[in-house]
Amino acid sequence: MSLFKVRDCWSTVCGRGETFGCDALAVDDLFGAGEDSIILGSLDGVLRVYGVHSGPPPDFRYSPSDLLIEVQMDSPVLQVCTGRLISYSPNKNIAVLHPFSIVVYGVNCISGSTDHGDQYVLEMMYEHKFDRSAYQMVVGPFGGGSGSRDFACVMSLDGVVTVYEQQAFGFRTALPNYLHPFPIKYVRSVDAFITLNADLCLVCYKYQELADPSLKQKWPVWSCTLGETVYDIQTVEITPSATTIHVLGERNYYCFQGNGVLWFMKRLQYTPCCFHPYILGEHPDTKTMCMIVSDTDSVLVYDQTKLRWSAKLSFHPCIIARASFKALQGCLVLLSETGDLRFCYLGTEPMIFMAPERPIKDYKDTKNQLVQLKKDLQNISLQDETDTLPLLKLNTRILNLRSEGSGKLCDIEIDVSPSLATSSVQITFQMVAPLVISPTVVHLKDLNESITVRVMAHRENDDAESVVSSTECIVCAHYSRTSDVPGSVQQTVRLPMSLVYDVHSTSQHLDFSWSAKISVDESPVALKILFKEFADSSSSAEFCFQTITGIPKYVCVTALPANRSYEIRSSSPEYANVIIEEILFRHREYYKTKKCVVRCDKNEMPVADFYRTIEEHVALKGRLEFVQEEISLLCSQYRIIQKCLFNKLKENTIHSVSGLNVLIDNTHETLTEKMSEIKFIKQELKMKFSQLISLSRLLVTMLGLCSKNDKMLEEFKETVIYFTDNQNWEDIVLHSLSYLVGNKITLNVQSDDPAQVVMSLRSLIDYVIKHITSIKDELPVKLKKENTRGVSPILESEEDFYTS
C-alpha cells in the first residue's frame, strides 16, 4: 500500500456509456470571475460546462448546480478549445471541433432567472464546414496579434492545415512530409506552429510562411529528430516573449525553448499516458513543473528532470490538467475515457500496519535443525512416493487407421478416470514433427467421472517431404484441485507403422545406399510375426517398406536366422530409424521373459551422414539469413520510394513522377521474388531439420546397442535430441557438449563462423562417441536433466504390443 495517494475532493460521472478522447477537456476562465470553468465534449456528441459553487473544504464537493450547460449535438465532439473568437464579445468563447466542421459558441448568463440562481445559455455564433476529416485544432492570436482576438487552425488527417480568421476563411496549405496525424500546437512568442512529421522529427513552421501562397515548398524554421512517436505537445508561456515547448514521447519527456534549443530531457522508466506542464512562481524565480500520469495509475510531479512527488491514483485518467477556484487553488483535474471527472489534491494515507519486532534467533540451533533435516530427506524412501496412486488415470487406445487424400489418419481414444473430483484437467500431446495430434491441447473443467477423449494423429498437411523420425506419442495430463497441489500423469503410446509406411512388393532393382546388421542372442523373430499388421501385404521372407507421402523411399528388413541377426537396408539412413526402433521394441517384447542382448557394429553408425546433414543445415540457415537481410534492405528502399512518390504527387505534374514508377515496379518485383525464395528456403530448412533429428535418434539408438557407458549415453541423448525447432540446434548442442566434455577439448565456442561451428561439433561428437563405445573414465561434468529438453524414455505398455 502506497503512502502517497491522490485525494478526491470533487467528483462526478459525465453521462452513462459515453466515451471521451484525449482532447475532450479544456480549463479556462470563461466569465472573467477569477475562477476556472471545465468544458467537456464527448465522442457521443454531448457538450458540458462545469463551474464549482461549493465552499472551502470540507464543503468543496459536487452539487447538481455545478453543471452549468449540457447540450446534445448532432456530431461527435473531437476537441474543445477556448479563446476570444468573437470580436464584440467581452467573454471568451468555446470552439467545438466535429469531424467535418468547427462551431464557435458563446455562453450567456441570465441572472436570477431560476429558483437556484443564474441560468447559462449556449448560443451558436458561427460555423465553418470542410470536406476533409479533422484531427485536431489549435486556437491563438496567429500573425502576431496582441491577444485581443484569436483565430482557429484545424489540421486534417492528411496533414492539411486550414486557418479561420473568426467568421472568415483564412487560407489552406498542406504540410510536407506528413503521413500520420500528430499533435499540433501554437507558440505565441515566435508566431509558429509545432508538430511532428513522418520522419519523427519535431518541426516548427512560421505562420507567415504557411500563409504565403507564393511559397510552394514549406520549409521549417527548425527541426529536431526525436526518433519516437509523440503522445502530446504542450506550450507554457513564462513571459510574453519566452515560451517553452513540452513534448511527451513514448519513452522520453522533452522541453525545448521557443527557438528550438533543447533545454532538458528526461528518460522515463515507464509508459506515460498523459501530462500537463505548468510554472510556479513569478519571473525570474519561476519553476518549470510537469505532471505525468503513468500506465501504473500513478501521477509523478517533476521539477525539470527531478522527481519531486509521486502519488497513486484510484482510477486510470486519459487527461490531466490544473484548475483554480476560489475555494481551492491549483487542484488537479482528471478525466477518464468513461467520463469519470474528478478534482483532486496530493495527499497522504498513513499505513496502519506496523512491522513486528524481529525475534532474536539462536543460529546454532538453526544449524542443527538444518543438519537433521538433510538426514531426514536422505532417509525418505522413494518407494512411498511411487506407491501413491495419482488422482488421475489414463488409458490410451489406438483405433482404426483410415486414408484421407494422399495421407493416412489414426484415431486415438484416451479414457480419463479421476479418483477424486478435479477442477481442471489439461491434456497435451508430444509428437515429433511432421506427425501432429489434432487438437494439440484438450481442456476439461470440473471432471467428476470418467470421460473419453478422441483425438487424431496425422502428418502435417503442408509437409509431405519431411522425415518421420519417431512414432512415439507422449500423452500428458495436468490436473489440479482447489485444495491440493497440482499433479500430472503421462503415458507413452506407439502409433501404427502403417501411418508412415506401406509394404512394397519387392526389393529388386532398388538402390540401397546404407545398410546395418543388428545381432541378437536369440533367434530373430519371423517378420510375419514381428510385423503382424503387414503380414497380409507381403509373402516374402523379407519386408520392404515404402514411405507413403513425398518421393518414395525404401527400407528393406531381412531376418537371418543362421546369423541370428536382422539386416536393414535403406535408401538413406534417416528413413530407417522408425523401422529399427520398432524391431528393437518388438523383439524385446517377444522375448520379454528372457534377457535379450542386442548388439550392432559401431562402424555401421551413420556418423558421416550425420555430419553432412549438419553442414547442409548450417548452410541453409546462412542462406536464410542472407535473404532476410536482402528483404530488409528492399523494404527500406520501397518505403523511401513511396515517400518520394508521395512528395512528387503533391506537385500535380506528370513529369514529377517520371522514373519513380519504373523503380517502384522493379523493387516490388524483386521483393516478390525474394519472398518466394525465403518461403522455399524455410520449407527446405524444415525438411533438413527433420533429417537431422532422425539421424540424431538413429545415432543414439545404435550407440545404445554398442555402449559401454550408459550414463554418458543418456547425457548425450538428452543433449542432441529435443523437439524445439525454433531454436538454433547447432549452437545449443555445441555449448551443451562443451559443458559435458569440460576441458578435455579446447574449442572456440564463441566463434560465429559456420565452418568453425561444424568443425567444433565434429570434434565434440567424435570424442563423446569414442568414450561411449569404449571403457574409459566418465566425463568430468554432466548436464543437469532439468536444464535439457530430452525425449522421455519409452514406457512399456501394459497392453499387448500387437494390439492395434
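Values in this document were obtained by computation on a predicted structure and should not be read as measured data. (Residues numbered from 1 in each chain as written. Predicted model: local features only at pLDDT ≥ 70, side-chain atom pairs only at ≥ 80, totals over all residues. Heavy atoms only, no water.)

1. Points about the overall build of the protein
Test applied: Segments assigned H or I by DSSP are reported as helices when at least four residues long, segments assigned E as strands when at least two residues long, and all are numbered from the N terminus. Relative accessibility under 20% of the residue-type maximum defines a buried residue, over 50% an exposed one, and the middle range a partly exposed one, all with a 1.4 Å probe and only protein chains included. Here the open area of atoms and residues is found with the Shrake-Rupley method and a 1.4 Å probe, where only the protein chains shown may cover a residue.
In terms of regular secondary structure, the protein is built from ten helices and 42 strands. Looking at the protein residue by residue over its 804 residues, the buried ones come to 47%. Carbon and sulfur atoms form 51% of the exposed surface of the protein, whose accessible area is close to 41,400 Å².

2. With respect to the pattern of salt bridges
Pairs may arise between side chains of opposite charge once their charged atoms sit close together. The condition that has to hold: Any carboxyl oxygen of Asp or Glu within 4 Å of a side-chain nitrogen of Lys or Arg constitutes a salt bridge here.
If you walk through the whole model with that rule in mind, you get 25 salt bridges. Between Glu677 and Arg623 there is a salt bridge; the shortest N-O distance is 3.7 Å. Linking Glu677 in helix α7 (residues 660–705) with Arg623 in helix α6 (residues 607–649), this pair joins segments that are 54 residues apart in sequence. Arg623 sits in the partly exposed class, given a relative accessible area of 36%. Residue Glu630 pairs with Lys674 through a salt bridge whose shortest N-O separation is 2.7 Å. Within this pair, whereas Glu630 is found in helix α6, its partner Lys674 is found in helix α7, the two being separated by 44 residues in sequence. Residue classification places Glu630 among the partly exposed residues on the basis of a relative accessible area of 22%. Judged by its relative accessible area of 18%, Lys674 falls in the buried class. Bridged by salt links that share partners, the residues Arg623, Glu630, Lys674, Glu677 and Glu684 form one connected network.

3. Focus on the sheet that holds strand β4 (residues 46–50)
Inclusion rule: Strands qualify as paired when DSSP identifies two bridges or more between them. A fitted line through C-alpha atoms represents every axis, and for helices the fit uses only the stretch in contact; the resulting angles, taken between N-to-C directions, go from 0 to 180 degrees.
Ordered by their spatial adjacency, four strands build an open sheet running β2-β3-β4-β5, and the pairing between neighbours is antiparallel. The open sheet terminates on both sides in strands that have one partner only, identified here as β2 (25–28) and β5 (67–72). For this sheet, the mean inter-axis angle between neighbouring strands, taken without regard to orientation, is 10°. Pairing of β4 with β5, which is carried by five bridges, proceeds in the antiparallel orientation. Across the sheet, residue Val46 finds its bridge partner in β5, namely Gln72.

4. Some words on the packing of helix α9 (residues 729–741) against helix α10 (residues 754–772)
Defined as follows: We call two directions roughly parallel when the angle between them is under 35 degrees, roughly antiparallel when it is over 145, roughly perpendicular when it lies between 65 and 115, and oblique otherwise. Helix crossings fall into two classes, left-handed where the near helix is turned counterclockwise from the far one by less than a right angle and right-handed where it is turned clockwise. Residues count as neighbours in contact if any of their non-hydrogen atoms are within 4.5 Å of one another. Under the convention adopted here, Pro, Cys and the residues Ala, Val, Leu, Ile, Met, Phe, Trp and Tyr are nonpolar, Asp, Glu, Lys and Arg are charged, and Gly plus all remaining residues are polar.
Two numbers describe how α9 lies on α10: the axes approach to 10 Å, and their chain directions differ by 45°. Considering their axes alone, α9 and α10 lie oblique with respect to each other. Crossing geometry of α9 relative to α10 is assigned as left-handed. Along the contact surface, α9 presents Glu730, Val733, Leu734, Leu737, Ser738 and Val741, while α10 presents Val757, Ser760, Leu761, Leu764, Ile765, Tyr767 and Val768. Of the residues belonging to the contact of α9 with α10, the class tally is ten nonpolar, two polar and one charged.

5. Some points on the confidence of the model for the protein
The cut-off we apply is this: Known as pLDDT, the predictor's per-residue confidence is scaled from 0 to 100.
Residues of the protein with pLDDT of at least 70 account for 87%, and the chain-wide mean is 82. Confidence, read as mean pLDDT per element, is least for helix α3 (residues 382–386) in the protein (47) and greatest for strand β7 (residues 93–98) (95). The low-confidence segment residues 777–804 (pLDDT under 50) makes 57 contacts with residues lying over four places distant or belonging to another chain.

6. Details of the packing of aromatic side chains
For the record, the criterion: Stacked, tilted and edge-to-face pairs are distinguished by plane angle, under 30 degrees for stacked and over 60 for edge-to-face with tilted covering the rest, among Phe, Tyr and Trp rings (Trp via its six-membered ring) whose centres lie within 6.5 Å.
Applying the stated criterion across every chain, the model contains 26 aromatic pairs. Consider the rings of Tyr253 and Phe264, whose centres lie 5.8 Å apart with planes at 70°: the pair is edge-to-face. Separated by eleven residues along the polypeptide, Tyr253 in strand β20 (residues 252–257) and Phe264 in strand β21 (residues 262–267) bring together distant segments of the chain. The class for Tyr253 is buried, based on a relative accessible area of 1%.

7. Thoughts on the packing of α7 against helix α8 (residues 710–720)
Between α7 and α8, whose axes approach to 10 Å, the crossing angle comes to 175°. The pairing of α7 with α8 is recorded here as roughly antiparallel in orientation. Residue-level inspection shows Ser696, Leu699, Val700, Leu703 and Gly704 of α7 in contact with α8, the latter providing Leu713, Phe716, Lys717 and Val720. Residue composition of the contact of α7 with α8, by class: six nonpolar, two polar and one charged.

8. Some thoughts on the sheet that holds strand β41 (residues 565–570)
Consider a sheet: its strands pair through backbone hydrogen bonds, and that pairing is either parallel or antiparallel. Taken together, the six strands give an open sheet; going across it, the order is β37-β39-β40-β41-β38-β42, and neighbouring strands pair in antiparallel fashion. At either end of the open sheet lies a strand with only one pairing partner, and these are β37 (501–504) and β42 (598–600). Strand-to-strand, the axes of this sheet are offset by a mean angle of 25°, without reference to chain direction. The sheet contact formed by strand β39 (residues 542–547) and strand β40 (residues 554–560) spans five bridges and is antiparallel. Note that in β40 the partner of Glu542 across the bridge is Thr558.

9. A few points about the pairing of strand β19 (residues 242–249)
Among the eight residues that make up β19, seven are buried, leaving the element largely enclosed by the rest of the structure. Following strand β18 (residues 230–239), the chain reverses through two residues before pairing antiparallel with β19. With five bridges joining them, β19 and β20 adopt antiparallel strand pairing. By the bridge assignment, Thr244 is partnered in β20 with Gln257. Remark: two residues form the turn of the hairpin made by β19 and β20, two consecutive strands paired antiparallel.

10. As for a nonpolar patch on the surface
Applied cut-off: Here, patches come from residues exposed beyond 30% relative accessible area and free of salt bridges, joined within 9 Å for like charges and within 5 Å for nonpolar side chains (Val, Leu, Ile, Met, Phe, Trp, Tyr).
Judged by side-chain polarity, Phe4, Trp309 and Leu346 come together as a nonpolar surface patch covering roughly 230 Å² of accessible area. Structurally, Leu346 can be placed in strand β28 (residues 340–348). Note on Leu346: relative accessible area 33%, which makes it partly exposed.

11. Concerning the environment of Ala559
Positionally, Ala559 belongs in strand β40. Residues Ala559 and Phe543 lie 16 residues apart in sequence; the distance between their C-alpha atoms is 9.1 Å. Among residues more than four places away in sequence, those in contact with Ala559 are Pro524, Val525, Leu527, Ala541, Ser565 and Tyr566.

12. A few points about the nonpolar core
The tendency in soluble globular proteins is for nonpolar side chains to be buried as a group. So the rule is basically this: For our purposes a nonpolar core is just a set of buried Ala, Val, Leu, Ile, Met, Phe, Trp, Tyr and Cys residues, chained together by side-chain atoms within 4.5 Å.
Ranked by size, the top nonpolar core spans 99 residues in total, and within it Ile427, Phe531, Phe545, Ile614 and Phe716 carry the most contacts. Among the elements that make up this core, the one with the highest residue count is α7 (ten residues). Of all hydrophobic cores here, the second largest spans 22 residues; its members include Cys9, Phe20, Ile38 and Leu335.

13. Quick notes on α9
Our working definition: Each residue after the first adds 1.5 Å to the expected span of a helix.
Helix length check: α9, at 13 residues, gives a terminal C-alpha distance of 18 Å against a target of 18 Å (1.5 Å per residue), a fit within 8%. Taken together, the buried positions of α9 are Trp729, Glu730, Val733, Leu734, Ser736, Leu737, Ser738, Leu740 and Val741.

14. Describing the pairing of β39
Of all six residues in β39, five are buried, a share of seventy percent or more. Alignment of β37 against β39, held across four bridges, turns out to be antiparallel. Directly across from His504, in β39, lies its bridge partner Cys544. Joining the antiparallel neighbours β39 and β40 is a turn of six residues, in which Gly550 adopts a positive phi near 75°.

15. Quick notes on helix α5 (residues 577–590)
Taking 1.5 Å per residue, 14 residues should reach 20 Å; α5 reaches 20 Å between its end C-alpha atoms and fits that length. Within the span of α5, buried status applies to Asn577, Val578, Ile579, Ile580, Glu581, Glu582, Ile583, Leu584, Phe585, Arg586, His587 and Glu589.

16. Some details on the state of the cysteines
We apply this condition: In this description, a disulfide is simply a cysteine sulfur pair whose atoms lie within 2.5 Å.
The full count for this structure, using the stated rule, is zero disulfides. Cys201 supplies the cysteine sulfur nearest to Cys224, a cysteine that is in no disulfide, at a spacing of 7.8 Å.

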